[in-house]
Structure formats: structure tokens, C-alpha cells
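# Structure assessment
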Amino acid sequence: MSENSRPNGFPEYGPHQVNPEWPPPPASAPAAPEPAAPAHRRSRGPAKLLVAVAIVAAAVGGTTAYGVQELTGGSSTGVTASSAAGTDVVPASLKGTVAGVAKSVSPSIVEIRAASSSGSATGSGVIVTEDGEVVTNNHVVAGASQIQVRTHDGKTYGARVVGTDSSKDLALIKLEDASGLKAATLGDSDGVQVGDQVVAIGSPEGLTGTVTSGIVSALDRDVTVSTDESQGQQQGQRGGWPFEFGGRQFNGDTGDSTTTYKAIQTDASLNPGNSGGALIDMNGNIIGINSAMYAPSGAESSTAGSVGLGFAIPVNTLKADLPDLRAGAGG
């Protein structure tokens, strides 16, 4: 560090520092030419100040450009998933910890109970607006005649379906008379990489607010799920998600009506009831909506548990679909 500059780049000229050129010579004496060396020394402080300011401005400019890119839905090559979304939801003191993600995001995750004449289903959802818009899987609420939602603080709300998209297994519901809820931050799934740490939050087996963690195991997995309304209610009774992967059926028969989407694979533990909940990066941004899990062959009852093969719908698929869901799309 230069003796003429402080760590923050500012020169140390101040009320307690004496400039060797001061005081000036008496008025009666002829002014001597100013030596070149002292003049050079006097300019070192301001020169370093300008350099420091330029570096800070460059850093701020880069950060600003990155923020704009993320807000407009762009992605950056080489950006790690931990910073891909551009928003730090987790407090600095808990950054990068599962505890920090859980504390910051759990208030944005809800439990959903949907009932119809053919049965009932329990799933999870993600709050996307303060007045009660909640995203979940289509198979959680398909064919429901009554929906109840329980928030992190234990409050219960009635809800109605706003729009559905069975081709992407997504649905948007709206809580009745809700306000002041904590909306989740939707990240950028294009920036997710295999090996990134993730956290899943949902209500497996009705255990509201359960937190598990793991990594992203793979990307772009083709997962096929049922679009039959009755399947959504039946899976609630059996305790599993009926879905297909690699030409095989798991957790029950998917029926004749199905849809296939590209999914994020994770080893974070997912169980019945996690469906519609959140897959989250270590900054607290939602990167996926949990939608399916693998259970060992023949394990179709509620005793089937997670074996570390779970699948989530990328959040960018959700963000692209939200306008249609809000417009009341159905099907």
C-alpha cells in the first residue's frame, strides 16, 4: 500500500498531515522554482484516487449490467447457479447455507389440499404474489371441487383455480381474501448446472414446511406425467406420483392421457406431498417446481419413499407460462 493513500483509495491529506511545501516562503524572498520531485509526489495521491474511482465505477457498472440482464430474463455463460438468478434472498450472515435458504423461503411455500368426487390429493405450492397467487402442479388440483391452502404461519385459506396447463403440469390458484404474503423470487433455470447445491421445500405426507437438500443430478430429463384429472386425485390416495421415465411407468399407471416435459433431476429427497413445491438455489431463488419422484418397482403404496431421484419443472418454463395461466388458460 502506498504511504500516500489509504486502503479505500483516498489520499491521506487531512487536518493533521503537514505538507512539506507549507508554509510558503516569506513575501520579501523571491519565490523559488518548485522542485520537480515534490510536484510529482503531490500528484500521486489524486492520481491514485482517480484510478480507485475508475475501478469502483467499473465494478458498479458491471453489477448494474448483470442485474438488468437477469431482470429481463437473460442468462450469462459461465455464471454459476449460485448467482445465476442475480438476487440474494438469503441474508449475508446465512448465505450459502441450507438453514439460510429454509428461513428465507419457507414463508413462500404452502400446503395444498384438493378434494373432488373421486378422491383427494395433498401437494405443495409456491406463492408468487403478495395477494395470494400460488403456483403448483396441474395434477395436484386437476378436477378439484374444493381447495384449501395452509400457509407457513398456520393460516388456512380457501382457493380457486385461475388457470391450468396440463401439457406442462402447471396450475395457478388464487387464495381468497389474502394479503401481505411473502412472494418467492423466481430465478433463472438456464443458469443451473449439474452439481449445484439445491434445497427442496414442501409438504411430504402432509408434513408442512419440510426441508431437504441435495444437488442437481442432471438436466433436460424427459419425464411423462398424466393429464387425466382423475389421476391427480387417485395419486393422493395411493401416495405417489404416477409418471413415466425412459419408457417405464413408476408410482402407478399414468393412464392414456399424458404429457412429457424436460425436467431438472435432483437427489434432494422428494416424497408424496412435495409435488408443486419448490426447488431452490443457495441464494434462495426458485429454480424449479417439484413434480415427480422415482420409487422402487412395485412400491406403489404410501410406504414408498424417496431414493434420491426427483424431478422438477424448470422455473423458466413457469415464467413463460404465467401470462397464459393468469389469463385463465385451461387444458
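Described in the following lines is the structure provided in the data block. (Residues numbered from 1 in each chain as written. Predicted model: local features only at pLDDT ≥ 70, side-chain atom pairs only at ≥ 80, totals over all residues. Heavy atoms only, no water.)

### Some thoughts on the pattern of salt bridges
Summed over all chains, the structure comprises 5 salt bridges. Ionic pairing is found between Glu111 and Arg113, a salt bridge with its closest N-O pair at 2.9 Å. Taking relative accessible area as the criterion, Arg113 reaches 40% and is therefore assigned partly exposed. When the shortest N-O distance is used, the salt bridge between Glu111 and Arg150 registers 3.4 Å. Taken together, the residues Glu111 in strand S1 (residues 109-116) and Arg150 in strand S4 (residues 146-150) connect sequence positions 39 residues apart. The exposure class assigned to Glu111 is buried, which follows from its relative accessible area of 2%. Take Arg150: its relative accessible area is 34%, and that puts it in the partly exposed class. A single salt-bridge network, built from bridges that share partners, covers Glu111, Arg113 and Arg150. (Salt bridge = Lys/Arg side-chain N within 4 Å of Asp/Glu carboxyl O. Buried < 20%, exposed > 50% of the residue type's maximum accessible area, 1.4 Å probe, protein only. Helix = DSSP H or I, 4+ residues; strand = E, 2+ residues; numbered from the N terminus.)

### Quick look at unusual backbone geometry
A positive phi is found at Asp169, a non-glycine position, where the angle reads about 55°. Turning to its location among the elements, Asp169 is positioned in the loop between strand S5 (156-165) and strand S6 (170-175). Of the residues examined, Asp169 reaches a relative accessible area of 0% and is grouped as buried. The phi dihedral of Glu205 falls on the positive side, at around 55°, and the residue is not glycine. One can find Glu205 in the loop between strand S7 (197-202) and strand S8 (210-226). Residue classification places Glu205 among the partly exposed residues on the basis of a relative accessible area of 44%.

### Notes on the side chain of Thr266
Inspection of the secondary structure assignment puts Thr266 in strand S11 (residues 258-266). The exposure class assigned to Thr266 is buried, which follows from its relative accessible area of 0%. Not counting chain neighbours up to four residues away, the residues in contact with Thr266 comprise Val198, Ile215, Ser217, Leu279, Gly308, Leu309 and Gly310. (Contact = heavy atoms within 4.5 Å.)

### Observations regarding the nonpolar core
Val135, Ile286 and Leu318 are the most contacted members of the largest nonpolar core, which totals 28 residues. Here this core takes 4 residues from helix H6 (residues 315-326), the largest share from any one element. What Val135 contacts, discounting residues up to four positions off in sequence, is Gly125, Val126, Val128, Leu170, Ala171, Leu172, Gly276, Ile289, Leu318 and Leu322. (Core = buried A, V, L, I, M, F, W, Y, C linked by side-chain atoms within 4.5 Å.)

### Topic: the pairing of S4
A one-sided burial pattern is seen for S4, the buried positions being Ile147 and Val149 and the unburied ones Gln146, Gln148 and Arg150. Note: S1 against S4, 5 bridges, orientation antiparallel. Its bridge partner lying in S4, Glu111 is registered against Arg150. Inspection of the sheet shows S4 paired to S5 by 4 bridges, in the antiparallel sense. Note that in S5 the partner of Val149 across the bridge is Tyr157. Connecting S4 to the antiparallel partner S5 that follows it, the hairpin turn spans 5 residues, and Gly154 within it adopts a positive phi of roughly 90°. (Pairing = 2+ DSSP bridges.)

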